[in-house]
Amino acid sequence: MDGMREMNRPREGLEIRAVVAEASQALARLDADRLEELALACQALNRDLASNAGTQQMQSDGRRSDETLARQAREAAGGMRAFRRVLDATRANLTVMRRLRQLREGKIEYSEAQARGWTPSEPDYGDN
Amino acid sequence: MGTINAAFSIMTQALDADQAALNVVANNVANANTLGYTTETPNYQENQPLEIGGVSYGDGVTETGATSVRDRVLTERLNQQQQVASSTGAQLTALNTVQALFTPDSGSSSAQAGDISSDLTGFFNSFSSLEANPANNSLREEVLSSASTLASDVSNAAAGLNSQRSALDQEAGGVTSQVNSLTGAIAQLDQQIQSTSPNADAGTLEDQRQQDLSQLSQLIGVNQITTENNGISVTTTAGQPLVSEGQSFQLTTGSVNGVTHFFVGGADITAELASGGGQLGGYLTARDQDIPNVLGSLDQLAFSVSTQVNALNNAGTDLAGDNGNAGDIFSEPALVAGSAAAMSVVMTDPNHIAAAGAGMGTGDNSNATAMAALANQAIVNGATPTNYYANFVSQLGATVENVQTENTAANASVTQLQTQNNALSSVNLNDEASAMSTFERSYQAASQVFTMLNTIMASVLNLGEQATVS
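Residues numbered from 1 in each chain as written. Chains lettered and ligands numbered in written order. Predicted model: local features only at pLDDT ≥ 70, side-chain atom pairs only at ≥ 80, totals over all residues. Heavy atoms only, no water.

Peer 1: Sorry if this is basic, but what is going on with the overall build of chain A here?
Peer 2: Along its length, chain A carries five helices and zero strands. Ordering the α and β elements of chain A from the N terminus gives α-α-α-α-α. The buried share among the 128 residues of chain A stands at 37%. Nonlocal contacts in chain A, meaning residues at least 24 apart in sequence, comprise 65% of its contacts between residues at least 6 apart. With an accessible surface of roughly 7,900 Å², chain A has 50% of that area assigned to carbon and sulfur atoms. (Helix = DSSP H or I, 4+ residues; strand = E, 2+ residues; numbered from the N terminus. Buried < 20%, exposed > 50% of the residue type's maximum accessible area, 1.4 Å probe, protein only. Contact = heavy atoms within 4.5 Å. Areas by Shrake-Rupley, 256 points an atom, 1.4 Å probe, with all protein chains shown as cover.)

Peer 1: Is there a simple way to explain helix 3 (residues 32-51) of chain A in this structure?
Peer 2: Owing to its 3.6 residues per turn, the α-helix brings residues three or four apart onto one side. End to end, helix 3 of chain A covers 29 Å across 20 residues, agreeing with the expected 28 Å (1.5 Å per residue, within 8%). If you check which residues of helix 3 of chain A are buried, you get A:Ala32, A:Leu35, A:Leu38, A:Ala39, A:Cys42, A:Ala44, A:Leu45, A:Asn46, A:Asp48 and A:Leu49. (Expected span 1.5 Å × (residues − 1).)

Peer 1: What should I look at first to understand the sheet that holds strand 11 (residues 267-268) of chain B in this one?
Peer 2: As a general point, the strands of a sheet are linked pairwise by backbone hydrogen bonds and lie either parallel or antiparallel. All names here are of chain B. As summarised here, the arrangement of the three strands in space is 9-10-11, forming an open sheet in which the pairing is antiparallel. What marks the edges here is a single partner per strand, and that holds for strand 9 (251-256) and strand 11. Relative to strand 10 (residues 259-264), strand 9 runs antiparallel, the two being bridged by six bridges. Bridging from a neighbouring strand, Val 256 pairs with Val 259 of strand 10. (Pairing = 2+ DSSP bridges.)

Peer 1: So what exactly am I meant to see when it comes to the interface of chain B and chain A here?
Peer 2: One frequent convention defines the size of an interface as the accessible area lost when the parts assemble. Contacts between the two partners involve 53 residues from chain B, matched on the other side by 49 residues from chain A. Applying the counting rule to chain B against chain A returns five salt bridges. Put simply, B:Arg441 and A:Glu36 hold a salt bridge, and the shortest N to O gap is 2.9 Å. Between chain B and chain A we count 13 residue pairs in polar contact (both at pLDDT 80 or more) in total. Looking at the side of chain B that touches chain A, the element that brings in the most residues is helix 11 (residues 429-462) of chain B, giving 24 residues. A breakdown of the residues in the side of chain B that touches chain A according to their chemical character gives 24 nonpolar, 18 polar and eleven charged. (Salt bridge = Lys/Arg side-chain N within 4 Å of Asp/Glu carboxyl O. Polar contact = N/O pair within 3.5 Å; in protein donor to acceptor, adjacent residues only side chain to side chain. Nonpolar A, V, L, I, M, F, W, Y, C, P; charged D, E, K, R; others polar.)

Peer 1: How do you make sense of the sheet that holds strand 6 (residues 231-236) of chain B when you look at a structure like this?
Peer 2: Residue and element names in this part refer to chain B. Strands sit in the order 5-6-7-8 across an open sheet of four strands; the sheet is antiparallel. The open sheet terminates on both sides in strands that have one partner only, identified here as strand 5 (222-227) and strand 8 (247-248). The pairing of strand 6 with strand 7 (residues 241-244) spans two bridges and is classified as antiparallel. Its bridge partner lying in strand 7, Thr 235 is registered against Pro 241. Strands strand 5, strand 6, strand 7 and strand 8 of the sheet are contacted by helix 4 (residues 137-196), whose axis makes an angle of about 160° with strand 6. Of the strands in this sheet, strand 5 and strand 6 are in contact with helix 5 (residues 204-219), which crosses strand 6 at around 5°. (Axes fitted to C-alpha atoms, helices over the stretch in contact; angles between N-to-C directions.)

Peer 1: Just to check I follow, could you spell out the pattern of salt bridges for this structure?
Peer 2: As a working rule, side chains carrying opposite charge can pair if their charged atoms are close by. Here the structure, examined in full by the defined rule, presents 15 salt bridges over all chains. With its nearest N and O atoms 2.5 Å apart, the salt bridge here joins B:Asp169 to B:Arg287. With B:Asp169 in helix 4 and B:Arg287 in helix 7 (residues 278-313), the pair connects residues that are 118 residues apart, well separated along the chain. Connected through shared salt-bridge partners, A:Arg85, A:Asp88, A:Arg91 and B:Glu406 make up one network.

Peer 1: Sorry, what's going on with the side chain of B:Thr405 here?
Peer 2: The topology assignment puts B:Thr405 in helix 10 (residues 385-426). Of the residues examined, B:Thr405 reaches a relative accessible area of 7% and is grouped as buried. If sequence neighbours within four positions are ignored, B:Thr405 has contacts with A:Gly78, A:Arg81, A:Ala82 and A:Arg85.

Peer 1: Help me understand the nonpolar core in this model?
Peer 2: General note: in soluble globular proteins, nonpolar side chains tend to be found buried as a group. Ranked by size, the top nonpolar core spans 77 residues in total, and within it B:Phe102, B:Ile116, B:Leu298 and B:Phe330 carry the most contacts. Counting residues per element, this core draws most heavily on helix 4 of chain B, at 16 residues. B:Ile116 has contacts with B:Phe102, B:Leu150, B:Asp153, B:Val154, B:Ala157, B:Leu298, B:Leu301 and B:Tyr389, leaving out every residue within four places of it along the chain. Formed by 46 residues, the second largest nonpolar core is a distinct cluster that contains A:Val20, A:Ala28, A:Ala73 and B:Ala410. (Core = buried A, V, L, I, M, F, W, Y, C linked by side-chain atoms within 4.5 Å.)

Peer 1: Would you take a moment to explain the packing of helix 2 (residues 72-101) of chain B against helix 7 of chain B for this structure?
Peer 2: Residues and elements named next belong to chain B. The geometry of helix 2 relative to helix 7 is characterised by a closest axis approach of 7 Å and an angle of 35° between their N-to-C directions. Considering the relative orientation of helix 2 and helix 7, their crossing is right-handed. Where helix 2 abuts helix 7, its residues Gln 83, Ser 86, Ser 87, Ala 90, Gln 91, Ala 94, Leu 95 and Val 98 lie against Gly 278, Gln 279, Gly 281, Gly 282, Tyr 283, Thr 285, Ala 286, Asp 290, Ile 291 and Val 294. Of the residues contributing to the contact of helix 2 with helix 7, the split by class is eight nonpolar, nine polar and one charged. (Left-handed = near helix turned anticlockwise from the far one by under 90°.)

Peer 1: Any chance you could explain helix 7 of chain B here in plain terms?
Peer 2: Residues and elements named next belong to chain B. For helix 7, spanning 36 residues, the distance from its first C-alpha to its last is 51 Å, which sits close to the expected 52 Å at 1.5 Å a residue. Maximal helix bending in helix 7 amounts to about 35°, located at Ala 286. Burial within helix 7 is extensive, with 26 of its 36 residues counted as buried. (Bend = angle between axes of the 7 residues up to and from the residue.)

Peer 1: Help me out: how do you make sense of the packing of aromatic side chains in this one?
Peer 2: To describe a pair of aromatic rings, you give the distance between the ring centres and the angle between the ring planes. All names here are of chain B. If you walk through the whole model with that rule in mind, you get seven aromatic pairs over all chains. Taking the centre distance of 5.5 Å and the plane angle of 75° together, the rings of Phe 102 and Phe 392 count as edge-to-face. In this pair, Phe 102 sits in the loop between helix 2 and helix 3 (116-132) while Phe 392 sits in helix 10, placing the two residues 290 residues apart along the sequence. One aromatic cluster is present, built from ring pairs that chain together Phe 123, Phe 124, Phe 127 and Phe 330. (Phe/Tyr/Trp six-rings, centres within 6.5 Å; stacked < 30°, edge-to-face > 60°.)

Peer 1: For this particular structure, what's the right way to read unusual backbone geometry?
Peer 2: Trans peptide bonds make up the majority, and among non-glycine residues the majority have a negative phi. Even without being glycine, A:Leu30 reaches a positive phi, approximately 55°. Within the fold, A:Leu30 resides in the loop between helix 2 (16-29) and helix 3. Although it is not a glycine, B:Glu245 sits at a positive phi angle of roughly 50°. Summarising the element assignment, B:Glu245 is placed in the loop between strand 7 and strand 8.

Peer 1: Whenever I open this one, the environment of B:Ser126 confuses me. Can you help?
Peer 2: Residue and element names in this part refer to chain B. Among the secondary structure elements, Ser 126 is positioned in helix 3. Counting along the chain gives 17 residues from Ser 126 to Val 143, while the straight-line C-alpha distance between them is 5.2 Å. When residues no more than four places from it in sequence are discounted, the contact partners of Ser 126 are Glu 142, Val 143 and Ser 146. For Ser 126, the side chain forms a polar contact with the main-chain oxygen of Phe 123, separated by 2.5 Å.

Peer 1: For this particular structure, what's the right way to read the confidence of the model for chain A?
Peer 2: Low-confidence regions, as indicated by low pLDDT, have predicted coordinates that should not be scrutinised in detail. Residue and element names in this part refer to chain A. Summing up the model confidence of chain A, the mean pLDDT is 72 and the portion of residues at 70 or higher is 60%. Taking the mean pLDDT of every element in chain A, the minimum, 40, falls on helix 1 (residues 2-8) and the maximum, 91, on helix 2. Considering only residues more than four positions removed or in separate chains, one finds that residues 117-128, a stretch of pLDDT under 50, has one contact. (pLDDT = per-residue confidence, 0-100.)

Below is the structure:
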């Protein structure tokens, strides 16, 4: 019974802000393993929240767990904005890398060598 | 060519080609720790086949040189992100120094600008105390003392901002010689590359040029354009040429309204350099936008408080019986600009504080009540003095946080691109595919983390607490 109570209690000590900061750092390093671990941790936290919805649980320090989470979320808001920007930059970088790979695999027709030898053709318009 | 000789020739050519390839590998190993060196791969060219007795035999391969495994698209993206990282880094350093000026109790004993909020409260409260006993000399002294503390902290903050602006101006000017040195070197390398390798990768020369471009990107925002014969043109992000056809165009400086401006030829490109990126962009943004904005707000506060308090004091009656001409408490500013730096207390005799209303006896307190009430009136751009100050400090904090966010993202992006650039320059195609796969996995996992964290934030919001993520 005590074990069940333990499972239903939101994970105390798991600071959302720390998770957000570590996610940003792991993404900068492209540490896929760590990011996948963090995704699992977030899944678990999400499950905890869902199972505790509607209940008001007290922590060892006498504060309500939802108050603690709300405080953590407020503190993590700035970190989330940074994480979103890192994610945006990563998406742009990934697009560049995909295009480069396609270029090297010959899936895109133009190449640097072609570009170097490129000479402008006669314009089709306005040359009268 | 005889059959045996031909076969021998094929073998020796193959050995020569292998030897040349080994030399390339040896060169890569020797330069493994050279900054900016790009790994070279040997190029092989198939020789013309031999016809022997009507049968065609392959004639082996010849090593025709080495090509650096570099990708201009990737390095250009890297340079572009480096420009953003350098710019936001320089701006952030400047903003952190500015913010420290307004952090309570952070300043030295002579410049506790962070206490301006409590100074304002203390100053208006001193009039509230005077209301109870308007003729009391020590309470009158207290009014002048708190006015002096307020004026001193405001003017010290303005002096700190002006000093920070001058330091940024010097740092910005110092970048010029580095930029000119790099653009000169790039122009020289460009000439060499165009004359020696107009149609092929120029190896270490291109490495050097790339290295110089990378350094230049950390200093200012630039665009690079590939031209014919393997050359490049370098322009500012707004298109002002810095290197073209093997020639560099020097950046010069001159003083305009007391600050350093930047010119190429006769054109003043200061504004475009500010928005362009690189360290110089960060310095100029802080010098020309961030600090003037903060100083402008402080000027407005000093101007409004000084003029309103002086006007009320001159509308009342002081202890010496002066009615309507008791004099100014603060130095009266003529213009908003410069009000903070010039803020000071000019009243020396506390008897000239006009606590009594116009035409009233010296025991009256109605003017002291009116001056105390200024604390709760919207006298500074539609806000009370303390609210106005709190808002501008809060806006400064938001600006710092935004720049911090941009800097974090740009640095993360640079780290990612450097990782990919290294992978591209040093591994085979299979390893490169693996690096790409890691990139994809990282992005997907990070997207999941972000989505779930957003859901968690929304759940917390449902618990009745505000958590904003934009």
